[in-house]
Each structure stands twice: as C-alpha cells, then as structure tokens.
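Results of the structural survey
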Amino acid sequence: MAAKIIAIEEQDGPFQAILQRTMRMVPDRQRKDKNLQRLIAFRLRQDGEAETNAYLIKKIREIIQCSYTGSWYDYLKSDVEEKACKPKDRNDSPPDVA
C-alpha cells in the first residue's frame, strides 16, 4: 500500500511542473493541502494531465453547483460527500444517468 503513496516532495523535473500547473485549478485556500496534492499527483500518474484536468473541471462544476464549502480532498475522495451534493428528483433519489 505504501508504494501507491506519491511523495510529491521528492518529485522533480517535468512532473513537478505539471503538478503545479494542475494545482492552479484549485483555490488558494485548498492548495496547501498535502492530501489533495497527493491525490491529484496520483491521478496525474495514472491518467495523465489531460484526463486529470477534465476530471477536475467536472468536479469543480459539481462543487460550485452544490455550494460545497468543505475540503476538496474530502469531496474528491468520498462518495458520501459527493452524493450529499447531488440534486435529487421528486422521489428523493439521485437522478438516473444514462
């Protein structure tokens, strides 16, 4: 399990530049969160820059729509936080996505 943790402090070169560029999408108050940085670094390693940016854009829209004010790390890692923000239909269940 420890092998999956990305020590962002030890990453140099182009990866650090890509991570910094991606972190510009995150508000200033959230940027210093090491857990969020590691989560984004992990996604960058797994999916690449374009996919990670698309993922963040989608999540940022969700965060704005539901007026979420908590930790972005908690929102991105937790289905519970995300489901609490999803709009509900008339039956109090999340809308079906086809």
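As a starting point, this report considers the structure included with it.

1. Some words on the overall build of the protein chain
Helix and strand counts for the protein chain come out as 6 helices and 0 strands. Starting at the N terminus and walking to the C terminus, you meet the elements of the protein chain as α-α-α-α-α-α. Split into buried and exposed, the 98 residues of the protein chain put 30% on the buried side. Expressed as a percentage of contacts within the protein chain between residues at least 6 apart in sequence, the contacts between residues at least 24 apart total 52%. Surface exposure of the protein chain reaches about 7,100 Å², of which carbon and sulfur atoms provide 50%.

2. Re helix 4 (residues 49-65)
The end-to-end C-alpha separation of helix 4 is 24 Å, in line with the 24 Å expected for 17 residues at 1.5 Å each. Of the residues making up helix 4, those classed as buried are T52, N53, Y55, L56, K59, I60, E62 and I63. In the segment just after helix 4, S67 is the residue with positive phi, at about 55°.

Definitions and cut-offs
- Residues numbered from 1 in each chain as written.
- Predicted model: local features only at pLDDT ≥ 70, side-chain atom pairs only at ≥ 80, totals over all residues.
- Heavy atoms only, no water.
- Helix = DSSP H or I, 4+ residues; strand = E, 2+ residues; numbered from the N terminus.
- Buried < 20%, exposed > 50% of the residue type's maximum accessible area, 1.4 Å probe, protein only.
- Contact = heavy atoms within 4.5 Å.
- Areas by Shrake-Rupley, 256 points an atom, 1.4 Å probe, with all protein chains shown as cover.
- Expected span 1.5 Å × (residues − 1).

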